[in-house]
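Structural features, examined
Next come the chains, spelled out residue by residue.
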Amino acid sequence: MSLKVLIADQFPEKYMNKMTESGLEVIFQPKLGENDLPEAAKDVDIIVVRSTKVNEATINNAEKLNLIIRAGAGVNNINIPAANRKGVYVANCPGKNSIAVAELAMGLMISIDRRLPDNVADFRNGVWNKGTYSKAKGLYGKNLGIIGFGNIGKEVAARAAAFGMNVYAKDISRVEGYGVKDFGEMENILPMLDIISIHLPLTDQTKKLFDRNMFKLLKPNAILINTSRADVIDEDALLEAIEEKNIFCGLDVFAGEPEGKTGEVSSKLMNNKNIYVSHHIGASTEQAQDAVAEETFNIIKEFINSGVIAHWVNKAKWDDEHYQLVVKHYDKPGVIAAILNVIKKDEVNVEEMENEVFAGGLVAKCTIKMKQSLKVDTLQEIGQIEEIINLSFVQV
Ligand code: 3PG
């Protein structure tokens, strides 16, 4: 029986055809919204979305659901805790739309510096205003701070360097290489930046990162670009900063963004002349959408063929201290069961396990990760199992 894939957002036809040709049943319903998804997804194995929200009701209602793919980078529109509770894989397509987002970030910088949207609006109204629009500062030699130095941040850095800007970056880990300078703490650098471009995922740490305190650090007339997620900025604090310091802002995302592709829009930012908003189009170039769709198809293919989930975002992280047992054994039926039976006596839970076989198939290596230590006696007992060649037990 073929797997059912529900695509609940726009998706290039070419890649839907590839899915169908490879034996998948594709249900293409790009107009679905968060509230229609629980019913539409109830019988599917895989859901593919862009910005459509996958809420808990969808995940709970879809009994066969095994995999949700975010055809894009950010996964904040998927209820990951609900997916974790049901053992539903969540994967994304990182890096595939980075160039498109970086191009938009550069476009917003130029648009603000040259006031391109106002130029166009005036022209369409029959107004000539060369005097006003001849007052741009230029981007060359300006200090640009990139907040979030992942795939997108790096693409912005490359383009900004070509513009002759001084590029600084900040990330969770230290920024090295790429010809940019790490700026450590925000307090050190924000006061000297002419332009700030945000490229952060939305997490508990980044939510409302740009609050009143952060805006206090900005230089007057600074330009802030946000092509990441609306919630990293406190919009009230932004409006105050515009009032107090004449900050300019280019946003591809804002609070209360409509879920659909067309319709009315309303935002507290809409009448402010210092704010330029694009319609969440960062990822929406043909090239980027093709790259994302191809990656989506690859994830599904690999999942079907080998059970491996590429870019599996809700896999438990093993950053915490843990214990690792590596057992080399003759690859015969029942060996792993025998090892696990001994571990069970210590009431230690196995968290992760992988068995890999040497060429020729005679010997295998079984790696078992756990959060608690095993007793010395237990390890000795495992070592005495007949097919065991050797073992090691370490704290990682
Ligand atoms: C992403 O996270 O990849 C971007 O925000 C793109 O969103 P979209 O697929 O809705 O255009």
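Residues numbered from 1 in each chain as written. Predicted model: local features only at pLDDT ≥ 70, side-chain atom pairs only at ≥ 80, totals over all residues. Heavy atoms only, no water.

This brings us to the overall build of the chain. If you tally the helices and strands in the chain, you get 14 helices and 16 strands. Counting only C-alpha atoms and orienting by the principal axes, one finds that the chain spans roughly 90 × 50 × 35 Å. For the chain, the residues scored as buried account for 44% of the 396 residues in total. If you take every contact in the chain between residues at least 6 apart in sequence, the share linking residues at least 24 apart comes to 63%. In the structure as shown, the chain presents an accessible area of about 20900 Å², 49% of it carried by carbon and sulfur atoms. When the 45 positive and 54 negative side-chain charges of the chain are each reduced to one mean point, those points stand 5 Å apart. (Helix = DSSP H or I, 4+ residues; strand = E, 2+ residues; numbered from the N terminus. Buried < 20%, exposed > 50% of the residue type's maximum accessible area, 1.4 Å probe, protein only. Contact = heavy atoms within 4.5 Å. Areas by Shrake-Rupley, 256 points an atom, 1.4 Å probe, with all protein chains shown as cover. Lys, Arg positive; Asp, Glu negative; His and termini not counted. Charge placed at Lys NZ, Arg CZ, Asp CG, Glu CD.)

This part covers the pairing of strand β13 (residues 323-330). Looking along a regular strand, one sees side chains alternate from face to face of the sheet. The pairing of β13 with strand β15 (residues 363-370) spans eight bridges and is classified as antiparallel. In the sheet register, Gln324 faces β15, and the bridge partner there is Lys369. Relative to strand β16 (residues 388-395), β13 runs antiparallel, the two sharing seven bridges. If you follow Val326 over to β16, its bridge partner there is Ser392. (Pairing = 2+ DSSP bridges.)

Moving on, we come to the layout of surface pockets. If a probe the size of a water molecule is rolled over the atoms, the empty space left behind becomes visible. If you add up the space inside the second largest pocket, you get close to 410 Å³. Along the walls of the second largest pocket sit 21 residues, with Ile112, Asp113, Lys135, Lys137 and Phe248 positioned nearest its centre. Broken down by element, the lining of the second largest pocket gets its largest block of residues, three residues, from helix α5 (residues 98-114). (1 Å grid on protein atoms, 1.4 Å probe; cavity = no way out; pocket = protein on both sides within 12 Å on 5 of 7 lines; lining within 4 Å. Points joined across faces, edges and corners; volume = space filled by probe spheres on them.)

Domains assigned within the chain are domain 1 (4-96 + 287-306), domain 2 (98-282) and domain 3 (323-395). The straight-line distance from the C-alpha centre of domain 1 to that of domain 3 is 36 Å. (Domains from an automatic or database assignment.)

Below, the discussion takes up the environment of Leu340. Secondary-structure assignment places Leu340 in helix α13 (residues 335-345). Spatially, the C-alpha atom of Leu340 lies 9.5 Å from that of Ile368, the residues being 28 residues apart in sequence. When neighbours within four sequence positions are excluded, Leu340 is seen to be in contact with Val350, Met353 and Ile368.

With that settled, consider the site of the ligand. Taken together, Arg50, Ser51, Arg70, Gly72, Ala73, Gly74, Asn97, Arg229, His280, Ala283 and Ser284 make up the full set of residues near the ligand. Within the side chain of Ser51, a nitrogen or oxygen atom sits 2.3 Å from an oxygen atom of the ligand. Take Ala73: an N or O atom from its main chain is 2.7 Å from an oxygen atom of the ligand. Considering the ligand on its own, with 320 Å² of exposed area, one finds that the protein chains cover 91% of that surface. Residue classes in the shell around the ligand are distributed as two nonpolar, six polar and three charged. (Near = heavy atom within 4 Å. Polar contact = N/O pair within 3.5 Å; in protein donor to acceptor, adjacent residues only side chain to side chain. Nonpolar A, V, L, I, M, F, W, Y, C, P; charged D, E, K, R; others polar.)

The next thing to look at is the sheet that holds strand β5 (residues 89-92). Paired through their backbone hydrogen bonds, the strands of a sheet run either parallel or antiparallel. The five strands lie next to each other as β2-β1-β3-β4-β5, forming an open sheet whose pairing is parallel. This sheet does not close on itself; its edge strands, each paired only once, are β2 (25-28) and β5. The mean angle between the axes of side-by-side strands here comes to 20°, regardless of whether they run parallel or antiparallel. Of the pairings in the sheet, the one linking strand β1 (residues 4-7) to β2 comprises four bridges and is parallel in character. Of the residues in β2, the one forming a bridge with Val5 is Val26. Sitting on the sheet, helix α1 (residues 13-21) touches β1 and β2, and the angle it makes with β2 is about 150°. (Axes fitted to C-alpha atoms, helices over the stretch in contact; angles between N-to-C directions.)

What follows is about the packing of aromatic side chains. For the structure shown, the criterion picks out four aromatic pairs. With a centroid separation of 6.0 Å and an interplanar angle of 65°, the aromatic rings of Phe210 and Phe215 are classed as edge-to-face. Of the two residues examined, Phe210 and Phe215, each falls in the buried class. Taken together, a centroid distance of 5.8 Å and an interplanar angle of 10° make the contact between Tyr323 and Phe393 stacked. Linking Tyr323 in strand β13 with Phe393 in strand β16, this pair joins segments that are 70 residues apart in sequence. On the basis of relative accessible area, Tyr323 is assigned to the buried category, the value being 18%. The partly exposed category is assigned to Phe393, whose relative accessible area is 22%. An aromatic cluster of three or more residues is present, and its members are Tyr89, Phe303 and Trp312. (Phe/Tyr/Trp six-rings, centres within 6.5 Å; stacked < 30°, edge-to-face > 60°.)

Further remarks concern the nonpolar core. Judged by nonpolar contacts, the single largest core of 28 residues is most densely connected at Ile196, Ile198, Phe210, Phe215, Leu224, Ile233 and Leu238. Put simply, the parts of the chain that give this core at least two residues each are α9 (186-189), β9 (195-198), α10 (212-216), α11 (235-245) and β11 (248-251). In terms of residues, this core owes the most to one element, α11, which gives four residues. The contacts of Phe215, once residues within four sequence positions are left out, are Phe210, Leu224, Ile233, Asp234, Ala237, Leu238, Ala241 and Lys245. Counting residues in hydrophobic clusters, the runner-up holds 26 residues, among them Leu104, Met106, Ala160 and Ile225. (Core = buried A, V, L, I, M, F, W, Y, C linked by side-chain atoms within 4.5 Å.)

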